[in-house]
Amino acid sequence: MEKLIESLSLHEKKVLPLLEERQISEICKKSNLDMVSVLRTLDYLENKGIVKVNTEKIKIIDVGVNGALYRKKGLPERRLLQLLDQKRILSIQEAQKDSGLSPDEFKASLGALKKKALIEMKNGKLVLNASKEEIAKKSLEELFIESLPINEKDLTPEQNFSLKSLMKRKDLILIEEKKKIDLEVTDLGREVMNSKELGKELIEQITPEILRSEKNWKGKKFRRYDLSVPVPKINGGKRHFVNSAIDYIKKIWTEMGFVEENGNMIQSSFWNFDALFQPQDHPARELADTFFIDKNAELPDKKVVAKVKEAHEKGIDGSKGWNYSWNEDISKQLVLRTHTTAVSSQTLYNLDEKDLPMKLFAVGKCFRNETVDWCHGFEFYQTEGVVIDPNANFRHLLGYLKQFYKKMGYDKIRFRPAYFPYTEPSVEVDVWHEERKVWLELGGAGMMRPEVSVALLGKNIPILAWGQGVDRIIMDYYKIKDLRELYKNNITQLRKTKTWMKI
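Now for a description of the structure that goes with this document. This one's a predicted model, so the numbers in the text were calculated from it and none came from an experiment.

Parameters and conventions
Residues numbered from 1 in each chain as written. Predicted model: local features only at pLDDT ≥ 70, side-chain atom pairs only at ≥ 80, totals over all residues. Heavy atoms only, no water. Helix = DSSP H or I, 4+ residues; strand = E, 2+ residues; numbered from the N terminus. Rg over C-alpha atoms; globule rule 2.2 N^0.38 Å. Buried < 20%, exposed > 50% of the residue type's maximum accessible area, 1.4 Å probe, protein only. Areas by Shrake-Rupley, 256 points an atom, 1.4 Å probe, with all protein chains shown as cover. Lys, Arg positive; Asp, Glu negative; His and termini not counted. Charge placed at Lys NZ, Arg CZ, Asp CG, Glu CD. Pairing = 2+ DSSP bridges. Axes fitted to C-alpha atoms, helices over the stretch in contact; angles between N-to-C directions. Contact = heavy atoms within 4.5 Å. Expected span 1.5 Å × (residues − 1). Polar contact = N/O pair within 3.5 Å; in protein donor to acceptor, adjacent residues only side chain to side chain. Salt bridge = Lys/Arg side-chain N within 4 Å of Asp/Glu carboxyl O. Core = buried A, V, L, I, M, F, W, Y, C linked by side-chain atoms within 4.5 Å. Phe/Tyr/Trp six-rings, centres within 6.5 Å; stacked < 30°, edge-to-face > 60°. Lys NZ or Arg CZ within 6 Å of the ring centre and 35° of its normal. Parallel < 35°, antiparallel > 145°, perpendicular 65-115°, else oblique. Nonpolar A, V, L, I, M, F, W, Y, C, P; charged D, E, K, R; others polar.

The subject of this paragraph is the overall build of the protein chain. A count of helices and strands for the protein chain gives 22 helices and 16 strands. Here the protein chain has a C-alpha radius of gyration of 36 Å; the compact-globule value for 503 residues is 23 Å, and the former is much larger. Considered along the principal axes of its C-alpha atoms, the protein chain spans approximately 95 × 95 × 45 Å. Within the span of the protein chain, comprising 503 residues, buried residues form 44% of the whole. Counting only carbon and sulfur atoms, one obtains 51% of the accessible surface of the protein chain, whose full area is about 28,700 Å². Positive and negative charge centroids in the protein chain, built from 85 and 75 side chains respectively, lie 3 Å apart.

A few words on the sheet that holds strand E2 (residues 89-91). Strands sit in the order E2-E4-E3 across an open sheet of three strands; the sheet is antiparallel. The sheet terminates laterally at E2 and strand E3 (119-122), the two strands that pair on one side only. When strand polarity is set aside, the average angle formed by the axes of neighbouring strands in this sheet is 25°. As defined by bridge partners, E3 adjoins strand E4 (residues 125-128) across four bridges and the pair is classed as antiparallel. Considered in E4, the bridge of Ile119 is made with Leu128. Relative to the sheet, helix H8 (residues 103-115) contacts E3 and E4, its axis offset from that of E3 by approximately 110°.

Once that is clear, we can look at the sheet that holds strand E9 (residues 292-296). The strand order across the open sheet built from three strands is E8-E10-E9, with neighbouring strands paired in antiparallel fashion. What marks the edges here is a single partner per strand, and that holds for strand E8 (266-268) and E9. Going across the sheet, the axis of each strand differs from the next one's by a mean of 35°, ignoring polarity. Summarising the sheet, E9 and strand E10 (residues 333-336) pair through three bridges and their orientation is antiparallel. Each residue of the ladder has a partner; that of Ile293, found in E10, is Leu334.

Between its first and last C-alpha, helix H16 (residues 302-313) extends 16 Å over twelve residues, near the 16 Å set by a 1.5 Å rise per residue. Three or more residues of H16 are buried, namely Val304, Val305, Val308, Ala311, His312 and Glu313. Next to the buried residues of H16 lie helix H15 (269-272), helix H17 (328-331), helix H18 (341-350) and helix H20 (450-457). Its side-chain oxygen at 3.0 Å from the backbone nitrogen of Lys303, Asp301 defines the N-terminal cap of H16. Immediately downstream of H16, the backbone of Gly315 shows phi near 100°, a positive value.

In terms of strand pairing, strand E1 (residues 51-63) meets strand E6 (residues 173-185) through 13 bridges, oriented antiparallel. In the sheet register, Ile58 faces E6, and the bridge partner there is Lys178. Here two bridges tie E1 to strand E5 (residues 150-151), and the two strands are oriented antiparallel to one another. Of the residues in E5, the one forming a bridge with Ile60 is Asn151.

Here we take up the pattern of salt bridges. Should the charged atoms of two oppositely charged side chains come close, the side chains can pair. This model, assessed by the stated rule, comprises 22 salt bridges. In this structure, the salt-bridge partner of Arg484 is Asp482, at a minimum N-O distance of 2.8 Å. Among the charged side chains, a salt-bridge network with shared partners connects Arg414, Arg416, Asp430 and Glu441.

By size, the foremost hydrophobic cluster in this structure holds 43 residues, and its most contacted members are Tyr405, Met408, Trp466 and Ile474. When residues of this core are traced back to their parent elements, those giving at least two are helix H14 (241-255), strand E11 (358-367), strand E12 (379-388), helix H19 (394-407), strand E14 (423-433), strand E15 (438-448), strand E16 (463-469) and helix H21 (471-478). Broken down by element, this core gets its largest block of residues, eight residues, from H14. In this view, Ile474 contacts Phe241, Val242, Ala245, Leu486 and Trp500; residues no more than four positions away in its chain are not counted. Membership of the second largest hydrophobic core comes to 28 residues, among which are Leu299, Val305, Val308 and Trp326.

This part takes up the packing of aromatic side chains. In the structure shown here, the tally under the stated rule is 14 aromatic pairs. Geometrically, the ring pair formed by Phe270 and Trp271 is edge-to-face, given 5.0 Å between the ring centres and 85° between the ring planes. Each of the two residues, Phe270 as well as Trp271, counts as buried. Ring centres 6.3 Å apart and planes at 70° place the aromatic pair Tyr405 and Tyr410 in the edge-to-face group. Under the relative-accessibility criterion, Tyr410 is labelled buried at 7%. One aromatic cluster in this structure is built from Trp253, Phe258, Tyr400, Phe404, Tyr405, Tyr410 and Trp466. The ring of Trp432 carries Lys412 above its face, with NZ or CZ at 4.7 Å from the centroid.

Viewed as axis vectors pointing N to C, helix H6 (residues 76-87) and H8 meet at an angle of 75°, and their least axial separation amounts to 8 Å. By the criterion of interaxial angle, the relationship of H6 to H8 is roughly perpendicular. Taken together, the residues of H8 that come into contact with H6 (itself represented by Pro76, Glu77, Arg79, Leu80 and Leu81) are Glu105, Phe106, Ser109, Leu110, Ala112 and Leu113. Here the contact of H6 with H8 is built from residues that sort into seven nonpolar, one polar and three charged.

Everything listed is a geometric property; what it means functionally is a separate question.
Here it is as structure tokens:
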């Protein structure tokens with residue numbers, strides 16, 4: 001007993017005499033401690049067997065924003081009923097105007113009164129059927145609103161019926177989940193509360209002042225500390241798990257000898273589409289897929305513009321092109337980049353042949369005008385790669401992708417023939433999801449067409465290229481079912497989520 005009392009902190013000694021209050025708010029008030037401190041102190045006292053803290057989750061039903069207004073002014077159907085009590089018969093238009101109700105309130109009032117047979121509608125007019133007694137009598141819904149707030153467990157069958165009816169209306173009812181805390185002092189706790197030892201002064205901590213002179217501590221008792229008592233969790237700062245995953249992806253490419261390239265999220269249509277041999281009437285360039293910005297960009301030097309124009313209209317290096325009149329004004333339109341390949345197209349143009357062979361990668365956000373749901377977003381991360389090497393071939397491309405996905409944790413990878421405007425041959429990359437037993441499509445790849453390489457490099461040099469989605473890989477790794485969870489920044493989720501463990 002003595003050792004137990006010697007272990008009590010100042011907060012515990014403050015709260016201990018107030019345990020019989022049983023109400024946390026009263027303990028806070030009389031101890032001059034905030035709610036967090038009191039709850040934490042009760043936790044310590046419970047660990048020492050002095051008190052039992054019983055926590056129960058309860059649902060409190062109360063009025064919402066509209067409910068508070070209706071409690072003061074009356075439900076919409078009450079106001080309409082009072083109006084009809086004065087005039088007996090009104091046209092629907094007059095009734096709505098004179099009642100001062102919004103269209104939604106008026107519609108709800110009509111439904112409620114017709115259901116109770118208090119009114120009827122004849123030839124576009126409202127006719128009152130209710131007697132004076134029926135008008136004066138409060139409805140179940142009105143009585144229910146007056147009874148709020150109330151514990152959900154205490155609802156009568158009639159109140160339950162009213163609740164279901166009122167829940168259909170916007171902001172009328174508010175249901176809050178709260179914790180009900182009940183305190184029970186143990187036999188040990190009563191002994192401690194009645195002990196004469198409780199008032200003895202103890203040294204709480206060692207300070208420089210105490211150490212300066214023996215008289216400050218000699219013969220006195222120090223408070224005992226229980227090292228087994230749990231303490232509040234401290235959450236240190238760390239990288240966002242999405243950024244952690246991107247760091248790992250960058251690490252993979254740099255270990256494979258790639259150099260990172262960077263570029264702006266806002267690009268001209270020239271670099272985002274035209275330089276990549278995407279025709280100006282391609283469906284993906286329409287507003288349905290692309291975010292356009294209401295400004296135009298300056299085009300690069302006339303030499304590369306002429307080459308791109310030639311590739312589109314007549315073709316380059318033996319190709320036929322797209323056989324249409326290429327419009328320079330369309331290529332000036334600014335867009336939020338739809339892929340990181342817009343960065344690569346500029347990098348290719350600025351390369352010097354003496355720098356080859358060259359391996360480049362990028363990881364960044366791209367934007368598509370998609371409807372947001374569990375598996376789609378209007379922004380997403382993509383990892384881009386290009387290899388410019390006179391000796392590169394298609395087998396090298398497949399090898400790079402296999403190695404990347406192997407390091408990302410996927411052993412089974414397959415490639416399917418595909419079509420992209422700026423690569424030929426082209427493939428789609430799928431990885432096997434062991435838990436779902438399905439193939440996941442993660443991106444496209446291929447060898448740049450001559451219409452791209454000749455226009456940007458001046459000659460037909462083999463270029464391997466790929467653009468792989470990152471968000472689905474991150475979702476799979478962290479077992480996230482909804483894409484929107486990646487960007488919610490829920491602090492509780494961020495604290496619990498581990499960083500990418502493969503770094």
